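The chain contents come next:
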Amino acid sequence: MTGSPPLRDAAPGRLWRAAALAWLLVVLAVGLHQWQFWKHDGIDTDVMALLPVNEQAPDVALATEQLVGQMSRQVVVLLGAGEWADARAAAQVLRQSLGSGAGARLREDPIAQKTSIDAALGFYQPWRERLLTPQQRALLTGTPDAALVQKALQDLYQPAVQARLSDWVSDPLGLWTQWWTTRGAQSQARPRDGQLWVAADGLQWAVLQFTLEGSAFRLSGEPVLGQALQGALAQVQAQWPGARMVVAGVPLHAEAAAVQANSEINTIGWGSLAGVLLLAWLAFRSLRPVALVGVSLLVGCAVALSVTALLFGQVHLLTLVFGASLVGVAEDYGIHYFASRQGAPGRSPHGLMRGLMPALWLALGTSAIAYLALGAAAFPGLRQMAVFSVVGLTAAMLTVVCWFPWLDRGTMPHSRVAERIGQTLMAWPRWRQALPGSVAVCVAMALLLWLLGGLRAQDDVRQLQSGSAALVAQQRQVGEILGLPSPAQFYLVQGSTPEQVLQREEELKDRLDALVARQLLVGYSAVSDWVPSARRQDSDGALVARAQEAVYKGVNDALGESFARAATPAPAPLTVQAWLAQPISTAARPLWLGEREGRYRSLVMLRGVTNLDSLPALAGAAQGLEGVAWVDKPAEISGLLQRYRISMTELLLLGHVLVLAALWLRFGRKAWRAWMPTVLASLVVVGVLTAFGAPWQLFNVLALMLLLGVGIDYGIFLQEHEDDPHAWLAVVIGAGSTWLSFGLLGLSATPALKAFGLTLMLGLPLVLVLAPLFRSPTDPKEP
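Just so you know, these numbers come straight off a predicted model, no measurement behind them.

Caption draft 1: Focus on the overall build of the protein chain. When you go through the protein chain residue by residue, the secondary structure sums to 29 helices and 13 strands. Here the protein chain holds 783 residues, and the buried ones make up 51% of them. Long-range pairs, those at least 24 residues apart, make up 83% of the contacts in the protein chain with a sequence separation of at least 6. Total accessible area on the protein chain stands at roughly 33900 Å², and carbon and sulfur atoms take up 62% of it.

Caption draft 2: Main features of the pairing of strand β5 (residues 195-200). As judged from the three bridges shared by strand β4 (residues 190-192) and β5, these two strands associate in the antiparallel manner. Paired with Arg 192 across the two strands is Gln 195, which belongs to β5. Here β4 folds back onto β5 in antiparallel fashion, the turn holding two residues, of which Asp 193 has a positive phi close to 55°. With five bridges connecting them, β5 and strand β6 (residues 203-212) associate as antiparallel partners. Following the sheet pairing, Leu 196 is matched in β6 by Val 207. Between the antiparallel neighbours β5 and β6 lie two residues, among them Asp 201 with a positive phi of about 55°.

Caption draft 3: Spatial organisation of the pairing of strand β11 (residues 592-596). Across four bridges, β11 lies against strand β12 (residues 599-607) in antiparallel orientation. Note that in β12 the partner of Arg 596 across the bridge is Arg 599. In this structure, the hairpin formed by β11 and β12 is closed by a connection of two residues, where Glu 597 is found at a positive phi of approximately 55°.

Caption draft 4: Summary view of the environment of Ala 146. Topologically, Ala 146 is positioned in helix α8 (residues 145-157). Under the relative-accessibility criterion, Ala 146 is labelled exposed at 55%. Along the chain, Ala 146 and Ala 550 lie 404 residues apart, while their C-alpha atoms are 8.5 Å from each other.

Caption draft 5: Local environment of the packing of aromatic side chains. Counted by the stated rule, this structure contains 19 aromatic pairs. Where Tyr 337 meets Phe 338, the ring centres are 5.0 Å apart and the plane angle is 75°; that geometry is what we call edge-to-face. The exposure classification of Tyr 337 matches that of Phe 338, with both residues buried. With a centroid separation of 5.6 Å and 70° between ring planes, the pair formed by Trp 431 and Phe 774 is classed as edge-to-face. Highlighted residues: Trp 431 in the loop between α17 (416-423) and α18 (434-451) and Phe 774 in the segment after α29 (751-770), separated in sequence by 343 residues. Exposure remark for Phe 774: the relative accessible area of 0% places this residue in the buried category. Seen from the ring of Trp 179, Arg 183 lies directly overhead, with NZ or CZ sitting 5.1 Å from the centre. The ring centre of Trp 530 lies 5.9 Å from the NZ or CZ of Arg 183, which sits over that ring.

Cut-offs and rules
Counting restarts for each chain, with residues numbered from 1 along the sequence as it is written. Reporting in this predicted model follows two pLDDT cut-offs: at least 70 for local features of residues, and 80 or more for side-chain atom pairs to be given and counted; totals over whole chains, interfaces and linings ignore these cut-offs and use all residues. The side-chain figures draw on all heavy atoms in the structure; neither hydrogens nor water molecules are used. Numbering of helices and strands runs from the N terminus, with a helix taken as a DSSP run of H or I at least four residues long and a strand as a DSSP run of E at least two residues long. Using a 1.4 Å probe on the protein chains alone, a residue whose accessible area is under 20% of its type maximum counts as buried, one over 50% counts as exposed, and one in between counts as partly exposed. Note on contacts: a residue pair is in contact if any heavy atoms of the two residues lie within 4.5 Å. Method for areas: the Shrake-Rupley scheme with a 1.4 Å probe, in which residue coverage is limited to the protein chains shown. Think of it this way: DSSP has to see at least two bridges between two strands before they count as a pair. When the centres of two rings from Phe, Tyr and Trp lie within 6.5 Å, Trp using its six-membered ring, the rings pair. Their planes under 30 degrees apart give stacked, over 60 give edge-to-face, and anything left gives tilted. Definition used: whenever NZ (Lys) or CZ (Arg) falls within 6 Å of the ring centre and also within 35 degrees of the ring normal, the charge is taken to sit over that ring.

Next comes the structure, spelled out in structure tokens:
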């Protein structure tokens, strides 16, 4: 019959029915996995998990991982009051408040309270004449014997000048007391009345150390720890209104990140979903398209989440935030189907889908090329995002192809909004000299970038996260009050035996002492501060013995006495293993990383590095020392970001070539018409951001990669269905919802995601405006 649809439009066939049922089984399996996934909480919030392992220094990466693991569950609370009695009583109220409810996950570390100075003195007693500070060593080697005798006599006749830990006869120079004074100076906190105390900023502070039960990164997205601490502070301030509290610890930052990401997921994901469904309703005036498009989006996100979790074990929160914007891309397939249904109401759903599938599969393929390029970088976070995106788009596409023809029953109502949007295509001009004009625009944009001084590259690691300003300030204050070392820069020391590690630490510390004298840093913390190498113990023991013999002789000559050193056999050297077994090692224990693959490793941490100009000198201190490596984590990560910004730019150019080649297979000589709008939009975005002084970073490049995948779809649809108002309707609705998704991504408080969103916020409307200009001219002679 003339005008009737072909027979295949009416008969979907067994293969289509089998595909629909198979996809239903897959979705049911995904639903079961989703229930298990959210029940066991497979969300990761650790920002370090997003970063690539430094393949050039795996030992450094391992050391950093161990350091983070040791610190990841520690929370330090300083509770201050005007009087120590008030601070001590307030600390007890705080403990009681945290002992129940949400604060029960915080368990106070009792080791600090149990550490007794008497027990520590008893442990070190056998080696007290074999322990010297660098200052003492310099004193004994560079001071004449007569001066040492005078110092000893002064200490003998004026014992109140310095409180002693031993009698004068056994330690005439007071070396034992001075050594402990230096050890205590590494932390400002002191034991007092059964707990740690420090005085700073005009207040008396009680120092409380807690350990979080369970992982610091398995958090619910609610400020549980923060609320527990604030609730405890409220109880304290009810009795002592002037009390203050400052807190520090990785769990608090992890919780703040989880709360922020949870809020952004809700805003971006549900906001973009609502926007997409609203646009679908305005275009089609029917609940059926809205419901089915919503189903495709939910299935796409669910399948993407399950596959990502199965491949990576855990899904990072930033992957979910990024994946939430996938809504604006995945709905293009459903929107295109219903726009075509509205324009061809007489065709069967299956027949219509057959006609659309070439364009839909090509659009999916080009988008997948762009997304997969994200995974080419060695960033685990980017690989997760790439897998999530490609799987999500594919799942949404399969949902549309397999289910929509079966579920879409009935007619499509007429919509004035859809009709008016479709009619705007006819009013859109065609760029008759598009090819030479495009080349001219590209040259002009390149010249503009040159005149503006080029891109202002910024590869700062801080773009990866946006820590709470209040928490960062408190972390800094706690570090200053307690004199804690910073984990940002440190030295990694390695050796085949513990003794070799200690010797190499001592060689490094000799160089660091010179930098301390130049005031480039306040000090350092190392295991060898507490456990000198056996070689150093022997040399210091000999130095002390010689000095004491000279002092005893001088004092005896001056006073007519007969003082002499006690004849005791030399003890076996103090070892790291013996020290680790004692409570006194608690504070410095994280510095000893132990043995791995036949190598022993330790960390030397720095205190008081406030000026970045001192970093080159600190890095130079490790040069030429075997087994000693300088680690500057911010600089290392920033260097990685720079490397991958450059490599991803190269992949972006390669992606453009591959996409153009794919378009050539479909459109031949007209392929450039589907490709050029995205090229021009990308160049304009780069020019605008450069003109406004915005920094150029890796995530701008990634956004342009995504713009390639999304923007090409618009060119494909307009080339496949030229002058078709319903195809134009699908492009406009899809572009609007995609822009809404990535516009909301630009609201993210994470600088990296914000840069990503802003780049697409500018680029997507430009592609939409430019794509109709590149429709083929009415003159058939022009390509």
